[in-house]
Amino acid sequence: MPTNFTVVPVEARADGCQDAAAQGTEGTEAPGPPEGEPDCQSPGDGNSRENSPFINHVDVEPENCFEGKNMALFEEEMDSNPMVSSLLNKLANYTNLSQGVVEHEEDEDSKRREVKSPRMGTFIGVYLPCLQNILGVILFLRLTWIVGAAGVLESFLIVSMCCTCTMLTAISMSAIATNGVVPAGGSYYMISRSLGPEFGGAVGLCFYLGTTFAGAMYILGTIEIFLTYISPSAAIIQAETVGDEATAMLHNMRVYGTCTLVLMAMVVFVGVKYVNKLALVFLACVVLSILAIYAGVVKTAFDPPDIPVCLLGNRTLSRRGFDVCAKVHTVNNSTMPTALWGLFCNSSMPNATCDEYFAQNNVTEIQGIPGVASGVLLDNLWSSYADKGAFVERKGTPSVPVPEENRASGLPYVLTDIMTYFTMLVGIYFPSVTGIMAGSNRSGDLRDAQKSIPTGTILAIVTTSFIYLSCIVLFGACIEGVILRDKFGEALQGKLVIGMLAWPSPWVIVIGSFFSTCGAGLQSLTGAPRLLQAIARDGIVPFLQVFGHGKANGEPTWALLLTALICETGILIASLDSVAPILSMFFLMCYMFVNLACAVQTLLRTPNWRPRFKYYHWALSFLGMSLCLALMFICSWYYALFAMLIAGCIYKYIEYRGAEKEWGDGIRGLSLNAARFALLRVEHGPPHTKNWRPQVLVMLSLDEEQCVKHPRLLSLTTQLKAGKGLTIVGSVLEGTYLDKHSEAQRAEENIRALMSAEKTKGFCQLVVSSNLRDGMSHLIQSAGLGGMKHNTVLMAWPESWKREDNTFSWKNFVETVRDTTAAQQALLVAKNVDLFPQNQERFSDGDIDVWWVVHDGGLLMLLPFLLRQHKVENDISAFTYEKTLMMEQRSQMLKQMQLSKTEREREAQLIHDRNTASHSVVATRTQAPPTPDKVQMTWTKEKLAAEKFKSKEPGASGFKDLFSLKPNQSNVRRMHTAVKLNGVVLSRSRGAQLVLLNMPGPPKNRQGDENYMEFLEVLTEGLNRVLLVRGGGREVVTIYS
């Protein structure tokens, strides 16, 4: 078959009518044609069509509009199928403007200028924002410590894993970007439109939480830089004892962090445009800081800086309390103890009692940054993990161990503040590679999003990966190991380690990192509320509706308030190392589902999934998804489970309470594929008895307004099914489909609304047929699909079957009974169905009485058990009466049926009198001949033949009442059984909440159908709620396990 196609549009006339699609504007009705021009309207078939941006409704004479266009064959369909030229014209003029909130600058500038098409390219629109978001606080504050703890090799592995994860995610994101027009809104729109509202809402909220906690992390990083490296004296809370410095620092972080958060939230609330305009300044700080690091590394090759580090034995000492790195020093030709001596000894005298380790080991001084050519890289290759409170020791330096050492607090040692291990370092590092979604978040402002997003994002990841990997190697090659493991630079008199490496001044890094982290925090507080607002405006999470509102210009005020409160939670944690793994979980989950979206779309071979990114393959997406999942559990298995629990709860909440959205998502396609696979696996034959459950076809009757006559039938269905198994709600409209399709749509909507109100989970199938009889037969035969077909039919008893104007109701009913019997399907007939309980009602007491007359499969015994599973009947007494006719009772009734001739005449007269009274109203309306005073019960063959060939009177109605028929022995026996059984049932089940009763089958001779209806009427007379049950002819219960 051909693989290349050429679309040749039919050209429009140069002087004729213009296409409506070219004239209409999106979101508004097409204006009328100017005066003097002809109206263009295509009559079509007279039916309204769905609104489409490519379809236009203008009024012009068809022969004038399509004259000369060779469109005569299609002119009647132009209202639903536009010409290709107008479609291509509409697509060519498509502009992808930003959706969602209206920014400050748009609100202000819209009054002065028209909206222009976006002009941002790859470098400005994607590359630089991604670069700025990826490079951040972890690079400046924690990367040297990670290299020192994990070693160069394991740090290289950590960075490689994280960068590989983001690269694979970027490839998947590029596939989404090149599949079609990228909607503004970033990763949330990508995930939700690819995976559906449930996954989209869950992952969107997780991404929102990740972005919010990222803001908390950036604020904590800003405060840490300020209080540790810029102005340590600004601390409000001071340590009362020597060992409380860490606790006091956390309290200071909480106080300053809260104040900074309030200030940033006010800035975001007042002027977002200022945050956007300062973004370039923050980016310049990041770039200059990185250039300063590389310049400092180059400088160490020929002129290493003089940064002495004091060691006692092999232990690193903090330089905060002393200046001279020696035990004694010479002053005026005399040996004097140094300040270091005073820290380890109880006096400044030479014979003072000193710390045993201090007395046994020497004090040495080494260079903290020996330079690239020093060969220190070999010493830093391997990891040096330690427990909390351990000494930071230098490998290879001689030390005299002291047995049973008493680690007295207050000694100027550099100690580890937390326990370090590989997986913990992965969780702390991963936030430094997030931020790859910055380009997709600006998709509405890009000139060519399909080209810019893949190129800019992948280039940014390559650039930042190179920066991180090179920094790991350079840090390991330039800086001494004990300095790398010194997280807060205590051995450097409280200076930033990476700043001491930079050139020309450490303040370049300190100030640059301060402003870059401050700007990143502002951008997180700007982006997170808009993401929450987008989720709220989609309407998929009902309790978030309030956060979709904001100021008059669209600013998300309420969403900003919630974001600030959640961000405050992260600030109260106060530890950068504790907050980082939390946001790692949320970002990893988001990236995992981006990869899952692409893999699912590809494996399902969705026709609309046609990515043009040539380096994409579904295996890469699957690998990225697996790597994200592995990293989640590597970072912290309990954080991972908690994040999945949150996402799962949100998913189930949206599934239960959320709005129904149809976004053409991959999960819907996955559901269709799974349904198809399951249907093919289900055997077409009857299931095993253990697997049998009532799969119900509910036959509803509609009134003239296409409303359901007996809504309690659906209540009974819900109580019977309890949400399990197959339920098909069917109905029949009389007429032809072309004439009745609008009524059929309205009736189907009414039925679906009632199903939703009654919480009936199932499918609606409505048939338009020339008569009700054939329509019901078609439903019984064809409802369902494959092995998922109904095995039980539920319908209401025709209450008005005796009325003269409802001649065919009882005939349809009896024929439906015959159809279900022929199809070997069970039948449930609810009499007095309007008296059945609704789902909101509850029976506090009473019985379900089961009258098991004949065994036809055991359905009669199964139904009470199923009904008691629902809350309406679950308070019914557990001692449910199963009133089974014992063999003795059955024998007595059979004996009573062996009537003598005199008894038969008496029974016939009773039947005649009974029916004459019950049909007195109908008898007055009919024109049937008068009934003789005495019924002749002597039947001969001649009389029987004459009765069979007796024709109806010409003026008589089609309805034949029972008393106009001559009862034979079979009718007498059946009526006698009905009367007797009804009397027994009434005597014992008059107060029962529900009576279940075997339903006898219709007679083989169709002339006895009227008698059959009367038998059933007599059988159930005087009972409030009756469910007649007729089995399908096969066993549905078994005694075996």
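Within every chain, residues take consecutive numbers counted from 1 along the sequence as written. In view of the model being predicted, local features appear only for residues whose pLDDT reaches at least 70, and side-chain atom pairs are presented and counted only at 80 or more, with totals across whole chains, interfaces and linings using the full set of residues. The basis for every side-chain value is the complete set of heavy atoms in the structure, and neither hydrogens nor water enter the calculation.

Participant: Talk me through helix H28 (residues 859–867); I want residue IDs and the actual numbers.
Facilitator: Summarising burial for H28: seven of the nine residues are buried, a large majority. Whether a residue is buried, partly exposed or exposed follows from its accessible area with a 1.4 Å probe, protein chains only, as a fraction of its type maximum: under 20%, in between, or over 50%, in that order. Secondary structure counts use DSSP, requiring at least four H or I residues in a row for a helix and at least two E residues in a row for a strand, with both numbered from the N terminus. Within H28 the residues assigned to the buried category are Leu 859, Leu 860, Leu 862, Leu 863, Pro 864, Leu 866 and Leu 867.

Participant: Requested: an account of the side chain of Thr 420, with residues and values cited.
Facilitator: Along the chain, Thr 420 turns up in the loop between strand E5 (363–367) and helix H13 (422–429). The contact rule is simple, with two residues in contact once any of their heavy atoms fall within 4.5 Å. Excluding its chain neighbours within four sequence positions, the residues that come into contact with Thr 420 are Trp 145, Ala 149, Tyr 385 and Ala 386.

Participant: Describe the state of the cysteines, with residues and values.
Facilitator: Throughout, disulfides are identified as pairs of cysteine sulfur atoms within 2.5 Å of each other. Evaluated as defined, the whole model comprises two disulfides. Sulfur-sulfur distance for the disulfide between Cys 310 and Cys 325 comes to 1.9 Å. Given an S-S torsion of about 85°, the disulfide between Cys 310 and Cys 325 has right-handed geometry. Of the two residues, Cys 310 is situated in strand E1 (residues 308–312) and Cys 325 in the loop between strand E2 (315–316) and strand E3 (328–331); the sequence distance between them amounts to 15 residues. When sorted by exposure, Cys 310 lands in the same class as Cys 325, which is buried. Paired through a disulfide, Cys 345 and Cys 354 show a sulfur-sulfur distance of 1.7 Å. Torsion about the S-S bond of the Cys 345 and Cys 354 cystine: about 105°, corresponding to right-handed handedness.

Participant: Tell me what's going on with the packing of helix H9 (residues 245–270) against helix H18 (residues 506–538), and back it up with residues and numbers.
Facilitator: Contact pair H9 / H18: the axes reach a minimum separation of 10 Å and the direction vectors enclose 60°. Taken as axis vectors, H9 and H18 run oblique relative to one another. Like other packed secondary-structure pairs, H9 and H18 cross with a definite hand, here right-handed. Where H9 abuts H18, its residues Leu 261, Met 264, Ala 265, Val 267 and Val 268 lie against Cys 518, Gly 521, Leu 522, Leu 525 and Thr 526. Axis angles are defined between N-to-C directions and span 0 to 180 degrees, where every axis is a line fitted to C-alpha atoms and, for a helix, only to the segment in contact. When an angle is under 35 degrees it counts as roughly parallel; over 145 it counts as roughly antiparallel; between 65 and 115 it counts as roughly perpendicular; any other value is oblique. For any pair of crossing helices, the crossing counts as left-handed if the nearer helix is rotated counterclockwise from the farther one by less than a right angle, and right-handed if it is rotated clockwise.

Participant: Describe in detail the nonpolar core, supporting the description with residues and values.
Facilitator: When a protein is soluble and globular, its nonpolar side chains tend to lie buried together. Nonpolar core, defined: a set of buried Ala, Val, Leu, Ile, Met, Phe, Trp, Tyr and Cys residues in which side-chain atoms within 4.5 Å join the residues together. Counting residues in hydrophobic clusters, the biggest one holds 166 residues, and the most contacted among them are Met 217, Tyr 429, Phe 430, Tyr 468, Phe 475, Ile 479 and Phe 593. Of all the elements, helix H8 (residues 187–230) adds the most residues to this core, at 24 residues. The residues touching Tyr 468, leaving out its near neighbours within four places in the chain, are Ile 134, Leu 135, Gly 136, Leu 139, Leu 143, Val 159, Tyr 429, Ser 432 and Val 433. With 40 residues, the next largest nonpolar core counts Val 698, Val 729, Leu 733 and Ile 751 among its residues.

Participant: Just give me the short version of the packing of H13 against helix H21 (residues 618–635), but keep the residues and values in it.
Facilitator: Running from N to C, H13 and H21 cross one another at 115°; their axes reach a closest spacing of 7 Å. Across the interface between the two elements, Thr 423, Val 426 and Gly 427 of H13 pack against Leu 631, Ile 634 and Cys 635 of H21. Each residue belonging to the contact of H13 with H21 can be placed in one class, and the counts come to four nonpolar, two polar and no charged. The residue classification treats Ala, Val, Leu, Ile, Met, Phe, Trp, Tyr, Cys and Pro as nonpolar and Asp, Glu, Lys and Arg as charged. All others, Gly included, are polar.

Participant: Mind laying out a nonpolar patch on the surface, listing which residues take part and the relevant values?
Facilitator: Surface patches are defined over residues having more than 30% relative accessible area and no salt bridge, joining like charges when they lie within 9 Å and nonpolar side chains (Val, Leu, Ile, Met, Phe, Trp, Tyr) when within 5 Å. Method for areas: the Shrake-Rupley scheme with a 1.4 Å probe, in which residue coverage is limited to the protein chains shown. By convention in these notes, a salt bridge is any Lys or Arg side-chain nitrogen within 4 Å of a carboxyl oxygen on Asp or Glu. Nonpolar side chains collect at one region of the surface, where Leu 629, Phe 633, Trp 637, Tyr 638 and Leu 641 lie side by side and expose about 510 Å² of accessible area between them. Secondary structure elements with two or more residues in the nonpolar patch: H21 and helix H22 (637–657). It is H22 that provides the largest number of residues to the nonpolar patch, a total of three residues. Structurally, Leu 629 is set in helix H21.

Participant: Run through the environment of Leu 381, naming residues and quoting values.
Facilitator: Mapped onto the elements of the fold, Leu 381 is located in the loop between E5 and H13. Sequence separation between Leu 381 and Phe 156 is 225 residues, and the spatial gap between their C-alpha atoms is 10.0 Å. Among all residues touching Leu 381, those that are not within four sequence positions of it are Gly 151, Val 152 and Leu 153.

Participant: Quick rundown of unusual backbone geometry? Include the residues and the values.
Facilitator: In this chain, Trp 503 is followed by Pro 504 through a cis amide linkage whose omega measures 15°. Counting through the fold element by element, Pro 504 comes out in the loop between helix H17 (497–501) and H18. For Ala 574, which is not a glycine, the phi torsion comes out positive at approximately 70°. The phi dihedral of Lys 759 is positive, around 55°, even though this residue is not glycine.

Participant: Explain the pattern of salt bridges to me, using residue names and the numbers behind them.
Facilitator: Throughout the structure, instances matching the rule amount to 13 salt bridges. Note that Arg 394 is salt-bridged to Glu 480, the shortest N-O span being 3.0 Å. In this pair, Arg 394 is assigned in the loop between E5 and H13 and Glu 480 in the loop between helix H15 (449–478) and helix H16 (481–484), connecting sequence segments 86 residues apart. Close ionic contact of Lys 487 with Asp 577 constitutes a salt bridge, the shortest N to O distance being 2.5 Å.

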